[in-house]
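Understanding the architecture of this molecule
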Amino acid sequence: MDDIIVSIDIGTSKVCTLIGKVNNANNIEIIGSGIAPCNGVKKGIIVDVESTSRSIMESVRNAESEAGMKVGSAYINIIGMHIDVIRNKSWLNMSSDNREITRKDVDRLLQEVCYVDLTEDKQIIDVVPHQFIIDGYDEIMDPIGMMGVKLEVEADIIAGKITSVRNIVRSVEKAGLKIDGLIAEAYASGHILLTPEEKEMGTILIDVGGGVTNVAVFKNKRLVFYDSIPVGGDHITNDISIGLKIPYSESEKIKRQYELALSSLIKNDQLITVSDINDNKRKSIRISEVIEVIEARVYEIFLLCKNLVQESGISIDSGMNVVLTGGGISYVDGNWQLAEEVFELPARVASFKAVNLEKPEYAVAAGMIMYISSMYSREKSGSTISEQKVDKTEKKTGLLDKIIEFFRRLF
Ligand SMILES: Nc1ncnc2c1ncn2[C@@H]1O[C@H](COP(=O)(O)OP(=O)(O)OP(=O)(O)O)[C@@H](O)[C@H]1O
Ligand SMILES: [Mg+2]
């Protein structure tokens, strides 16, 4: 039977919802999509739960009407600034007589691997097994049903900041939805936008959104760094507005009209007329004046990303590359050239068309569906759809239910 997975990407500028149908062969068909502007999130932080929940409701309604079904639960993204990714290992000896590994053994091991030291303001929100090892044989993704004496796991433990997670849970539940899981955004975008070779060799994935830029580093197939800086595409608009004294909305229009971040790519440095912020009179400026402002800010964003990675102790070596995504950077020409200059590495813009997406805005939500169906395919971790009367909430490890309950108790 087909499984339904619903993903919601809550961003600074918009909320995206996708409804995906996953068949037995693990093929995904997107049957509903919805987008709604979001004003309740500032610099990646939910500052207005009411308003954010209204945006969630609107985007879910849009997706529901396209898919012709009602959504009961969904997976939600969470960005780098709200989480820590902690690597841990654990093992256990098989107790059963025939030494066949059962779901119970795996659950016990996953509970075990979650014992990590956390500060008081953090709580575990997910555990991502990287590999299981049975009697020394590694790279096993699904050990259930296999035979062995010693079962080991290497996993990423995702610890969320309690205040941030609480506001996400509140906003989603106020919108009338249950949470299937909180997905660290980098796993989803890394899954959909990067090649396995890139993840192996080392890639810096930079997602420039509206108010936040997320930086994820993958190396040896693993997420080794994930953080955010509170600067994004909206700051580019703000710089144009303040620097050239043009109203904000007009600055946004100009930015989207020329879609350029590199002065050397200007073909015709024409004069354009714009409003003045002070007296509302029209005035003339050169396009190059706008592009120089954009270039300076984009350059600075990349530099901040580079510093962030280096300060964490991750070495940026020559075999790596840079991949760019997010509305704040995807559209402007000159983007990868500037990234190459700053990082001194090859850079490319993630191609959303290659993964059959109409708009780059849906990359995170689509990545979440693909990531979830690949990670948890055997657990049948679909979302609930009220019309189908499917309630699969029991199928998860039980850990998630405890996590959500923890945050609910804090309200
Ligand atoms: N055609 C365009 N040219 C230039 N910039 C654009 C264009 N379209 C959108 N943007 C910019 O993209 C940014 C929004 O990007 P995105 O949709 O990825 O953000 P988000 O996911 O909602 O926010 P965040 O990830 O920061 O929480 C805005 O700053 C917007 O101005
Ligand atoms: Mg985003």
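Below, the structure is looked at part by part. (Residues numbered from 1 in each chain as written. Chains lettered and ligands numbered in written order. Predicted model: local features only at pLDDT ≥ 70, side-chain atom pairs only at ≥ 80, totals over all residues. Heavy atoms only, no water.)

Structurally, Lys-219 is set in strand E13 (residues 213-219). Residues Lys-219 and Ser-251 lie 32 residues apart in sequence; the distance between their C-alpha atoms is 38 Å. Apart from residues lying up to four places away in sequence, Lys-219 is in contact with Lys-199, Glu-200, Met-201, Gly-202, Val-224, Ser-315, Asp-317 and Met-320. Among the polar contacts listed, one links the side chain of Lys-219 to the side chain of Asp-317, at a separation of 3.3 Å. (Helix = DSSP H or I, 4+ residues; strand = E, 2+ residues; numbered from the N terminus. Contact = heavy atoms within 4.5 Å. Polar contact = N/O pair within 3.5 Å; in protein donor to acceptor, adjacent residues only side chain to side chain.)

Before going further, it helps to examine the site of ligand 1. Near ligand 1 lie 19 residues; those nearest to it are Thr-12, Ser-13, Asp-234, Glu-252 and Lys-255. Gly-211 has a polar backbone atom sitting 3.0 Å from an oxygen atom of ligand 1. Glu-252 places a side-chain nitrogen or oxygen 2.4 Å from an oxygen atom of ligand 1. Considering ligand 1 on its own, with 660 Å² of exposed area, one finds that the protein chains cover 92% of that surface. Contributions of two or more residues to the shell around ligand 1 are made by helix H6 (233-244), helix H7 (248-258) and helix H9 (327-330). Counting contributing residues, the shell around ligand 1 receives three or more from each of domain 1 (3-81 + 162-189 + 358-409) and domain 3 (195-349). (Near = heavy atom within 4 Å. Areas by Shrake-Rupley, 256 points an atom, 1.4 Å probe, with all protein chains shown as cover. Domains from an automatic or database assignment.)

On to the pairing of strand E1 (residues 3-10), then. Here E1 lies mainly inside the structure; eight of its eight residues are buried. Both faces of E1 are covered, namely the face carrying Asp-3, Ile-5, Ser-7 and Asp-9 and the face carrying Ile-4, Val-6, Ile-8 and Ile-10. Hairpin connection, E1 to strand E2 (residues 14-22): the antiparallel pair is bridged by three residues. Relative to strand E6 (residues 73-78), E1 runs parallel, the two being bridged by two bridges. Each residue of the ladder has a partner; that of Ile-8, found in E6, is Ile-76. (Buried < 20%, exposed > 50% of the residue type's maximum accessible area, 1.4 Å probe, protein only. Pairing = 2+ DSSP bridges.)

In this section: helix H10 (residues 335-343). Where H10 is concerned, the buried positions are Asn-335, Leu-338, Ala-339, Val-342 and Phe-343. Angularly, the buried residues of H10 cover 115° about the axis, an arc narrow enough to put them on a single face. Contacts made by the buried residues of H10 are with strand E12 (203-208), helix H8 (287-311), strand E17 (321-325), H9 and strand E18 (347-349). Of the residues flanking the end of H10, it is Glu-344, one or two places downstream, whose phi is positive at about 55°. (Arc of directions from axis to C-beta.)

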